[in-house]
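Residue strings, one per chain:
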Amino acid sequence: MACYLTTVKHMSLYWSVLTVLSLLAITAPLALAFGFGGATAARAQFAPLRWIGKGYIAIVRGVPDIALFLFFVIALDQGIEYLRHQVLCPDWPDTIRQGNDFVVCQAAKVPLGTAPQWVHEVYGFMLAVLTFAIVFGAFAANVLFGAMRAVPRAQLETAEAYGMTRRQTFRRVLVPQMWVYALPGLGNLWMVLIKATPLLFLLGVEDIVYWARELGGTKTSRFTDYPHGDWRMWYFLALLVFYLIFTRLSEVVLARVMTRLTHGQATAGGDVQRKAAAT
Amino acid sequence: MKTLITTTALLALTATATLADGHASTVRMGTEGAYPPYNFINDAGEVDGFERELGDELCARAELTCEWVTNEWDSIIPNLVSGNYDTIIAGMSITDERDEVIDFTQNYTLPDPSAYVAASEDVDLENGVLAAQTNTIQAAFISETGATLVEFATPEETIAAVKNGEADAVLADKAFLTPIADEDPDLVMLDKDEMLGGGIGLGLRESDGELKAKFDAAITSMKEDGSLNALLEKWEISGRF
Amino acid sequence: MSCWQTVQDYGLRAVGIGERLLPREDFTLCQQFTLIGSGMIWNIYFGLVALTFGFFLATALAMGKNAQNPLLRKPAIWFIFIFRGSPLFIQFFFAYFLFLNLKSVAPFFDPFSAAWLGALIVLFLNTAAYSGEIFYGALQSIPKGDLEAADAYGLSGWARFRRIVWPTMLRLAWPAYTNEAIFLFHATALVFFSGFPAWQQRGDALYYASYFADKTFNPFVPYPILALYFIAFTLVIVSVFGLINGRLNKHLPNATRSKLRLRPNLVR
């Protein structure tokens, strides 16, 4: 048993847990950045910028993430290679679309055709991160957009009374104050993000679900030293426990952050804290 | 500023020239890794199977350096044409529809029959419930018969469906079903084959004529000296050249 | 074949009416739009029914989680935790497995392993858990003054719940609940993708989209069509929920209602 659980294949499973965790760790701030950009654009004074922001939020939020993942990564990859092709090989004699083929010059390939396998894997991982960030950025933008509107007007008026410009008000008052309103929504989004990771295998990343399925599937003795029947149930049960624990941990951390953020805020939660301190 | 751009362009051009050579020697082989005996992931977590050995031998004969990559079956052709790897070597039957989009080398297996596996010998193949994997030639075949088609996302689930009684029988490639029917006492392989699809070939981009010629030559030489038959023998795949 | 003919042949294909064989050549845009649209019937069915039934269970769960009695509170907490804490696709997997096993126990469970009932139950429980948590959050933030006013009017029990607590809870929870409705609607795409088998090629929109992607080897046509359908229906959800939101907030003075819209002008 111990022997079985330590095959190289199982090591890949354990390794993929790290992949998923690091994907979450990189995606979260990146999605937040996209969200911040989207929310800021959606409330910009310059109309085209506002349309871009609102369009981004509406379109990406309107499409199920699987549907987007099924074609978006290839499109993203081709887009990057197309741009590089334009820059690196301006004299390329052939067209890029040859029938069904998408052919760019060798120098524009990302990663380069000669690159070792791990570079390809890292690149695939980065594409997945970017796709996740773009998708969840739209949801984050929606949350932040709402949070910016929820900051009490009096605070902004005060800022103006102090003679701050619009930009200063935005940076010094609105942004620091909006987090307490954004956190419940962002926390919810984080939970949804965790549960979207099983879709990673659609993006070409070998994630936990891929390995659980691969390892749990029926194995005949001809192709492995450890034949067994359909064990997917047990592997999925392990996944279930993993996700439940991870959710619980996130809930605890989010609750702590919320307590910190509410401190001294003009919200119901802040009120409770004030009263508790007074008695 | 202008000179700077020209220099970069020049650098890029020289880079292109050297890299074009680089392409000729590193070929990325795309496979699925979930279809024994053709290709699967072994205990060491590496691609293994008939096509692994075949591909390595072909690359050696064509003097290419090859690298193995796995990809989901559903997006295996879109990723080939968009250049994420250079060949598909994944038990892919040569069909007319596929041939319109990509190029195939000559076949390296003879057409492999599809077979039925059921819980008992006496199932009604004409009107019963038949399981197949979604988007396979077998699913397309059943949909045209009078039988009720039930599709599952993975081959694993199609077998499970027969075992738990959801489906009367499963239709899949014979080479895939044989080891399963051999080892599972609850399942029997029916004495009826369906000839679907052509033989299996290596898939390549249509614009990659040079690479296709190299692999074709290598396959021909393996057919001639009998080493291909030896491989087919070893992995128990039916049909000899 | 004219496009209208195609619509007649395949418009209801997803529920088994019309041409039995799916198109196997040409794959015109018209065919793709028709079949993928036909698959949307299932997405709408799952979304609508699960949301409707889920709404009532969610209210019960929120009340349960808010209750003093641990016998009511603990089960509600665990239910919400398990369904919110695990990916939907694992829930589908276990549900399908469970229903198959129940089937061998009693014939009563026969329809449960089919998507129309089995997947619906999973989606129903799933959305009930998510909405329950949203409603619970709203219950907790009902202004104290409202409850005190209800007490002062002598309202208690059912009347207090029906006339004060429940409407206020809905009003507070509505924006988040709208999001949940969108998420649920999107989640219906997972049913045939990794949960339940498709019988006789009757599937949802994603099933047909991947059918075309597989046949044409071009993911850039069917999936964007699918995306268009979903965007359209998401807009429908947003506007319907917006209408209900307007009704829920009707009694509020105008200033409070439009405050949200006034605020941004200042900073913009």
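Note that the coordinates shown come from a computational prediction; the quantities given were computed from them, not determined experimentally.

**Student:** Where do I start with the overall build of chain A in this structure?
**Tutor:** When helices and strands are counted, chain A shows 10 helices and two strands. Starting at the N terminus, the α and β elements of chain A follow one another as α-α-α-α-β-β-α-α-α-α-α-α. Scaling as 2.2 N^0.38, a compact globule of 279 residues should have a C-alpha radius of gyration of about 19 Å, whereas chain A reaches 24 Å, well beyond that. By principal-axis analysis of the C-alpha atoms, chain A measures approximately 75 × 60 × 30 Å. Restricting to contacts in chain A with at least 6 residues of sequence separation, those with at least 24 account for 68%.

**Student:** What is the right way to read the overall build of chain C from this model?
**Tutor:** Counting its regular elements, chain C contains 11 helices and one strand. Ordered by position from the N terminus, the helices and strands of chain C form the series α-α-α-α-α-α-α-α-β-α-α-α. By principal-axis analysis of the C-alpha atoms, chain C measures approximately 70 × 55 × 30 Å. Residue burial in chain C is summarised as follows: out of 268 residues, 50% are buried. For chain C, the share of sequence-separated contacts (at least 6 apart) that also reach a separation of at least 24 residues comes to 74%. Considering chain C, the positive charge centre built from 22 side chains and the negative charge centre built from 12 side chains are found 13 Å apart.

**Student:** Got a minute to help me understand the pairing of strand β9 (residues 129-133) of chain B in this structure?
**Tutor:** Looking along a regular strand, one sees side chains alternate from face to face of the sheet. Residue and element names in this part refer to chain B. Here β9 lies mainly inside the structure; five of its five residues are buried. The pairing of β9 with strand β10 (residues 148-152) spans five bridges and is parallel. Bridge assignment links A132 to a residue of β10, and that residue is E151. Taken together, β9, helix α5 (residues 137-143) and β10 form a β-α-β motif whose crossover is right-handed. The sheet contact formed by β9 and strand β11 (residues 169-173) spans two bridges and is parallel.

**Student:** I would appreciate a short explanation of the nonpolar core in the present structure.
**Tutor:** For soluble globular proteins, the rule of thumb is that nonpolar side chains tend to be buried together. Grouped together as the largest cluster of nonpolar side chains are 196 residues, with contacts concentrated most on F50 and F215 of chain B together with F135 of chain C. Counting residues per element, this core draws most heavily on helix α5 (residues 117-150) of chain A, which supplies 19 residues. Not counting the four nearest positions on each side in its chain, F135 of chain C is found in contact with F55, A58, T59, A62, M169, L170, A173 and Y177 of chain C. Judged by nonpolar contacts, the second largest core, of 14 residues, contains V69, L80, M92 and I102 of chain B.

**Student:** Please clarify how the state of the cysteines should be interpreted in this entry.
**Tutor:** Residues and elements named next belong to chain C. Here the structure, examined in full by the defined rule, presents two disulfides over all chains. Residue C3 pairs covalently with C30 via a disulfide, S to S 2.0 Å. Since a negative S-S torsion denotes a left-handed disulfide, the C3-C30 link at about 95 degrees is right-handed. With C3 in helix α1 (residues 3-10) and C30 in helix α2 (residues 29-66), the pair connects residues that are 27 residues apart, well separated along the chain.

**Student:** Before we go on, may I ask you to explain helix α4 (residues 65-88) of chain A in this structure?
**Tutor:** The α-helix winds at 3.6 residues per turn, so residues separated by three or four positions along the chain end up facing the same way. In a regular helix each residue adds 1.5 Å, so 24 residues correspond to 34 Å; α4 of chain A covers 33 Å between its end C-alpha atoms and thus fits that length. In the structure, α4 of chain A departs most strongly from a straight axis at F72 of chain A, where the bend amounts to approximately 35 degrees.

**Student:** Explain unusual backbone geometry to me, please; I cannot follow it from the model alone.
**Tutor:** Trans is the common state for peptide bonds, and a negative phi is the common state for residues other than glycine. Put simply, P36 of chain B and P37 of chain B share a cis peptide bond, and its omega is 0 degrees. You can see P37 of chain B is positioned in the loop between β2 (34-35) and β3 (39-41). Non-glycine residue Q200 of chain C carries a positive phi angle of around 50 degrees. With a phi angle near 55 degrees, F217 of chain C is a residue other than glycine that sits in the positive phi range. Structurally, F217 of chain C is set in the loop between α9 (205-216) and α10 (222-248). What makes F217 of chain C buried here is its relative accessible area of 12%.

**Student:** How do you make sense of the pairing of β11 of chain B when you look at a structure like this?
**Tutor:** Residue and element names in this part refer to chain B. Within β11, five of the five residues are buried, which leaves the element mostly enclosed by the surrounding structure. For strand β8 (residues 114-118) and β11, the ladder comprises five bridges, and the chain directions are antiparallel. Note on β11: the bridge partner recorded for Y116 is L171.

**Student:** Can you help me understand the interface of chain C and chain A in this one?
**Tutor:** Many authors give the size of an interface as the accessible area that is lost as the parts come together. Of the residues lining the interface, 36 residues belong to chain C; the matching set on chain A comes to 46 residues. Carbon and sulfur atoms make up 76% of the area that chain C and chain A hide from each other, which totals about 4,100 Å². At the junction of chain C with chain A, the criterion picks out one salt bridge. Between E251 of chain A and R84 of chain C there is a salt bridge, and its shortest N-O distance comes to 3.9 Å. Seen at the junction of chain C and chain A, the total is seven residue pairs in polar contact (both at pLDDT 80 or more).

**Student:** Sorry if this is basic, but what is going on with the environment of Q265 of chain A here?
**Tutor:** Residues and elements named next belong to chain A. Assignment of secondary structure puts Q265 in the loop between α9 (232-262) and α10 (268-278). Relative accessible area serves as the criterion here: at 9%, Q265 is assigned to the buried category. Taking the C-alpha atoms as reference points, Q265 and I66, 199 residues apart in sequence, are found 39 Å from one another. Those residues within four positions of Q265 in sequence are excluded, and the remaining contacts are Q177, V180, G270, D271 and R274.

**Student:** For this particular structure, what's the right way to read the sheet that holds strand β5 (residues 65-70) of chain B?
**Tutor:** Sheet strands pair via backbone hydrogen bonds, and the direction of the pair is either parallel or antiparallel. Residue and element names in this part refer to chain B. Taken together, five strands build an open sheet; the order of strands is β5-β1-β6-β13-β7 and the sheet is mixed. Of all the strands in the sheet, the pair left with one neighbour each is β5 and β7 (103-104). Pairing between strand β1 (residues 26-31) and strand β6 (residues 87-88): two bridges, direction parallel. Bridged to M29 within β6 is T87. Together, β1 and β5 form the strand contacts of helix α2 (residues 50-61), whose direction differs from that of β5 by roughly 155 degrees.

**Student:** I tried to follow the sheet that holds β3 of chain B on my own but got confused; where do I start?
**Tutor:** All names here are of chain B. Taking strand neighbours across the sheet as the criterion, the three strands line up as β2-β3-β4 in an open arrangement whose pairing is antiparallel. Only two strands of the sheet have a single neighbouring strand rather than two, namely β2 and β4 (47-48). With two bridges joining them, β3 and β4 adopt antiparallel strand pairing. When the sheet's bridge partners are listed, I41 is paired in β4 with V47.

**Student:** Even after reading the chapter, I still don't get the pattern of salt bridges, so can you show me in this structure?
**Tutor:** Between side chains of opposite charge, a pair can form when the charged atoms approach closely. Applying the stated rule across the entire model yields 18 salt bridges over all chains. In this structure, E53 of chain B engages K234 of chain B in a salt bridge whose closest nitrogen and oxygen atoms are separated by 2.5 Å. A residue pair is termed long-range when its members are at least 10 positions apart, and E53 of chain B in helix α2 and K234 of chain B in helix α9 (residues 227-234) qualify at 181 residues. Put simply, R248 and E251 of chain A together with R84 of chain C are held in one network by salt bridges that share partners.

**Student:** Teacher, can you tell me more about the interface of chain A and chain B here?
**Tutor:** Counting residues at the interface gives 43 residues for chain A, matched by 45 residues for chain B. At the junction of chain A and chain B, the tally comes to zero salt bridges. On inspection of chain A and its partner chain B, the count reaches two residue pairs in polar contact (both at pLDDT 80 or more). Broken down by secondary-structure element, the contributors of at least two residues to the side of chain A that touches chain B are α2 (8-42), α4, β2 (101-102), α5 and α8 (208-216) of chain A. Per element, the largest residue contribution to the side of chain A that touches chain B is five residues, and it comes from α4 of chain A.

**Student:** Any chance you could explain the confidence of the model for chain C here in plain terms?
**Tutor:** A low pLDDT score tells you not to read the predicted coordinates there in detail. All names here are of chain C. Mean pLDDT over chain C stands at 86; residues scoring 70 or higher make up 94%. Within chain C, α2 carries the highest mean pLDDT (94), whereas helix α11 (residues 254-267) carries the lowest (39). Note on residues 255-268: pLDDT under 50 across the span, and 23 contacts to partners over four residues away in sequence or across chains. The ipTM value of the predicted complex is 0.84, and its pTM value is 0.85.

**Student:** Teacher, can you tell me more about the side chain of D43 of chain B here?
**Tutor:** Structurally, D43 of chain B is set in the loop between β3 and β4. If sequence neighbours within four positions are ignored, D43 of chain B has contacts with T7, V8, K9, T224, D225 and Y226 of chain A.

About the criteria used
- Every chain is numbered on its own, with residues counted from 1 as its sequence reads.
- Each chain gets a letter, beginning with A, and each ligand a number, beginning with 1, in the order they are written.
- A pLDDT threshold of at least 70 governs which residues receive local features in this predicted model, and a stricter bar of 80 or more applies before side-chain atom pairs are shown or counted, although totals over entire chains, interfaces and linings include all residues.
- Just so you know, side-chain values use all the structure's heavy atoms and leave hydrogens and water out.
- A run of H or I in DSSP counts as a helix once it spans at least four residues, and a run of E counts as a strand once it spans at least two, with each numbered from the N terminus.
- Every radius of gyration here is taken over C-alpha atoms, with the globule rule written as 2.2 Å times N^0.38, N being the number of residues.
- Contacts: residue pairs with any heavy atoms within 4.5 Å of one another.
- Summary of the burial criterion: residues with accessible area below 20% of their type's maximum are buried, those above 50% are exposed, and those between are partly exposed, where the area comes from a 1.4 Å probe applied to protein chains only.
- His residues and chain termini do not enter the charge count, which takes Lys and Arg as positive and Asp and Glu as negative.
- A single reference atom marks each charge: NZ on Lys, CZ on Arg, CG on Asp, CD on Glu.
- A pair of strands is labelled paired if DSSP reports no fewer than 2 bridges between them.
- Place the viewer so that the strands point away; then a crossover is right-handed whenever the path from the first strand over the helix to the second strand goes clockwise.
- Buried residues of nine kinds, namely Ala, Val, Leu, Ile, Met, Phe, Trp, Tyr and Cys, make up a nonpolar core once their side-chain atoms join them within 4.5 Å.
- Only a pair of cysteine sulfur atoms within 2.5 Å qualifies as a disulfide here.
- Multiplying 1.5 Å by the helix residue count minus one yields the expected span of that helix.
- Values of bend correspond, residue by residue, to the angle between axes fitted over the seven residues ending at that residue and the seven starting there.
- Throughout, buried area stands for the accessible area (probe radius 1.4 Å) lost by two parts on being put together, summed over both.
- By definition here, a salt bridge exists when the distance from a side-chain nitrogen of Lys or Arg to a carboxyl oxygen of Asp or Glu is within 4 Å.
- For the purposes of these results, a polar contact is taken to be a pair of N or O atoms within 3.5 Å, where, inside protein, one atom must be able to donate a hydrogen and its partner to accept one; residues adjacent in sequence count only when each atom of the pair is a side-chain atom.
- Axis definition: a line fit to C-alpha positions, over the contact stretch in the case of helices; interaxial angles, taken between N-to-C directions, run 0 to 180 degrees.
- Along the chain, pLDDT gives the predictor's confidence residue by residue, from 0 to 100.

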